[in-house]
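Now for the letters of each chain:
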Amino acid sequence: MHLPDFKVAKTTTKSDYKKVNYQLDKKYQNYFANKKCYLKTYGCQMNEHDSENIKGILEELGFTFTDNYEKADLILLNTCSIRENAHNKAFGMLGRIKHLKSSKPNLIVGICGCMAQEEVVVNTIMEKYRFINFVIGTHNFYDLPNVLIKSVKEHKLQVEVYSREQDLFEHVPVDRASKIKAYVNIIYGCDKFCTYCIVPYTRGRQRSRAKEDILDEVRKLKEEGYKEVTLLGQNVNAYGKDLYKDYSLAELLEDVAKTGIDRIRFMTSHPWDFTDKMIEVIAKYDNIMPSIHLPVQSGSNRVLKLMGRRYTKEQYLTLYHKMKETIPNCTISTDIIVGFPTETEEDFKETLDLVKACKYDNAFSFIYSKRVGTPAAKLKDDITKEEKENRLYTLNDELNRYFLLNNQKLVGKKVKVLVEGLSPKKRGEYYGYTDTNKLINFTSEEDVVGKIVSVVVTEAKTWSLDGKISE
Ligand code: SAH
Ligand code: SF4
Ligand code: F3S
C-alpha cells in the first residue's frame, strides 16, 4: 500500500529517474483472456494518450474492450482533477458502478489518472468506496498488471500511488485511437506551480524524454503511415531543461521536422518559456503547423501575479505579435479562467480587452475551480457564482465573435486539410483539420480519408468551416 501525499509531491526535487524498457512478465500474458474492459478517459490529451498505453498494456494481458460498462469484467476510470466538475463526473460514474457491482460481485473496478494522486480522493475511496479493487497513480501506471492481478488474488482494495516520480518507461505497448494522427510524449510533469493548478501535484516534476526516443517514435509513426504527430507535455516549452545543456524545444522541433512527417503540432506552451528561436523554427518548416496554443489565463497583471504566471499582459502581447509577424498565417488559441479569487470587474474588463487585442481563433474558457492543496485555495473566493457565470457568458460571447470573424475571412480561400474521416453529422461529407487547426466539413467525390487535400471554404461558422474539395 502506497498512499499519495501532496507535501511529498510538492517538495520533490529533480530525481535521478532511470530509463526502463517496459516488459510484461511472460506468465501474465493473456492472463485475462476472454475478459472485457471498459476504459473511460477524462481530462486532457495527456490522459488520452496514457489511455492508449493502458489499452496496449491491457491487451497484452488478454483484454478486449467494450463501450458498454455493464458488459465489462474490468472497469477502469482514467481520471482528471483539473476542475471540480471532472471530479463530479468520475464520482457520478462510481455511483453507477457501485450499483452494478452489487449484482456482479466479480467485477473488477480500478481508478487511475490524476484523481488517484489526490489525498482527498484516496481518503474518500478508502472510507466510502471500498468496493473499488485498486487505485494506481500516474507515476506507476506501468505497474498496472501487478496491481491488477494482486487485487484479484487478494480480494481487497489495493492502493498503489507514489507521490514521487518513478522511472521513465520506454517501449510501453500502445493502441492508438487514430491511424492518421498520433500523440508523442516529450515531457512529463510540470514545475510551474501556477497557484490555482493541481497538475504539478498530480504529475510531478518536469522530466524530458530523451530526444533519440522521441525521434525514433516519430520515424516509426511515419513509416506506419501516420500523417501528423502532436508533441505532448504540460509545458512543452520546458523540453530539455532537465536533460540537456543546449537542446531545447526549438532543436527538437527542427529534428522532428527533418524526419519529413507531414504535420507537427505541439501542446501546451507556457508563454514564459517561448523563445525567439522556437518561433523562427516554426516559421522555417512547412511541416510545423502554424497554430499555437498559448494560454493567457487573464488580462489583468494583478491577477496574473496572483496566479503565479510569471508574465505580464504586455509581455504576452509582445510574444503574441512576434508570433503573428514571424509565422505566416499563424493562428493562436488560448485558455482563460474567470472568477479567480479577488478578480474585480475592472480585472475582468482587462481580460476582455486582451481578447479584443488578440482576436483568438479558438479558446477554452473556465470558471475558476478551487483545488484542495493549491496555494490559491487559501485565497478568499469572494465572487458570487452568479457573477462568475455572467463573466463566463460575456467572455464567451466576445470569444465567439472573433472565432466567426476569423473564419469568415477564409471564405473563398483554399485551405490544406488532413482528412480524418466521414463526417458523423452529414452523410457523404468528410471532415478534417486545416493546417491552422480549424475543423472543416467538406464534400468530395473521391475517398480522401487519411490524405492531405486542398479544400475551398464555402461557409464560415463559429466553430467550424464548410467547404468543397478543390479540383
Ligand atoms: N499546462 C497548460 C494547462 C493545462 S490545464 C498551461 O499552463 O498552459 C488546462 C487549462 O485548465 C489551463 O490552461 C487553465 O485555463 C485551466 N485550469 C487549470 N486549473 C484550473 C482551475 N483550478 N480552475 C479553472 N480552470 C483551471
Ligand atoms: Fe498547471 Fe501552470 Fe503547469 Fe499549466 S503551467 S500545468 S496551468 S501549473
Ligand atoms: Fe486533468 Fe491531469 Fe490532464 S488533472 S487536465 S488529466 S494532467
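Just above sits the structure.
So, a few notes on the structure that sits alongside this text. (Residues numbered from 1 in each chain as written. Chains lettered and ligands numbered in written order. Predicted model: local features only at pLDDT ≥ 70, side-chain atom pairs only at ≥ 80, totals over all residues. Heavy atoms only, no water.)

## Considering unusual backbone geometry
Now for step 1: Of the consecutive residues M267 and T268, the connecting peptide bond is found in the cis state with omega at 5°.
Now for step 2: When you line up the elements, T268 lands in the loop between β13 (263–267) and α9 (276–284).
Now for step 3: In this model, F193 sits at a positive phi of 50°, which is unusual for a non-glycine residue.
Now for step 4: Examined against the element boundaries, F193 turns out to sit in the loop between β10 (187–188) and α6 (199–203).
Now for step 5: Phi is positive for N437, which is not a glycine, with a value near 70°.
Now for step 6: Relative to the helices and strands, N437 is located in the loop between β18 (429–434) and β19 (439–443). (Helix = DSSP H or I, 4+ residues; strand = E, 2+ residues; numbered from the N terminus.)

## Focus: the pattern of salt bridges
Now for step 1: Counted by the stated rule, this structure contains 30 salt bridges.
Now for step 2: The partner of E224 in a salt bridge is K220, with the nearest N and O atoms 3.7 Å apart.
Now for step 3: One salt bridge in this structure joins D273 and K241, with 2.7 Å as the shortest N-O distance. Here K241 lies in the loop between β12 (228–232) and α8 (249–258) and D273 lies in the loop between β13 and α9, a separation of 32 residues in the sequence.
Now for step 4: A relative accessible area of 54% places K241 in the exposed class.
Now for step 5: It is possible to trace a salt-bridge network through shared partners that takes in E170, R176, R209 and E217. (Salt bridge = Lys/Arg side-chain N within 4 Å of Asp/Glu carboxyl O. Buried < 20%, exposed > 50% of the residue type's maximum accessible area, 1.4 Å probe, protein only.)

## A look at the site of ligand 3
Now for step 1: Surveying the vicinity of ligand 3 reveals the residues C44, N47, C80, S81, I82, C114, R203 and Q234.
Now for step 2: Partitioning the shell around ligand 3 into residue classes produces four nonpolar, three polar and one charged. (Near = heavy atom within 4 Å. Nonpolar A, V, L, I, M, F, W, Y, C, P; charged D, E, K, R; others polar.)

## Details of the sheet that holds strand β5 (residues 108–113)
Now for step 1: Strand order in the open sheet made by the six strands is β3-β2-β4-β5-β6-β7, with parallel pairing throughout. Only two strands of the sheet have a single neighbouring strand rather than two, namely β3 (64–65) and β7 (158–160).
Now for step 2: In terms of strand pairing, strand β6 (residues 134–136) meets β7 through three bridges, oriented parallel. Its bridge partner lying in β7, V135 is registered against V159.
Now for step 3: Sitting on the sheet, helix α2 (residues 45–60) touches β2 (36–41), β3, β4 (74–79) and β5, and the angle it makes with β4 is about 155°.
Now for step 4: Together, β2, β4 and β5 form the strand contacts of helix α3 (residues 84–103), whose direction differs from that of β4 by roughly 170°. (Pairing = 2+ DSSP bridges. Contact = heavy atoms within 4.5 Å. Axes fitted to C-alpha atoms, helices over the stretch in contact; angles between N-to-C directions.)

## Some thoughts on α8
Now for step 1: In terms of burial, α8 is largely enclosed, as eight of its 10 residues are buried.
Now for step 2: Turning to α8, its buried residues are L249, A250, E251, L252, L253, E254, V256 and A257.
Now for step 3: The secondary structure elements touched by the buried residues of α8 are α7 (211–223), β12, β13 and α9.
Now for step 4: Taken from the residues just after α8, G260 is the one with a positive phi, measuring 85°.

Read these as layout, nothing more, since geometry by itself doesn't imply function.
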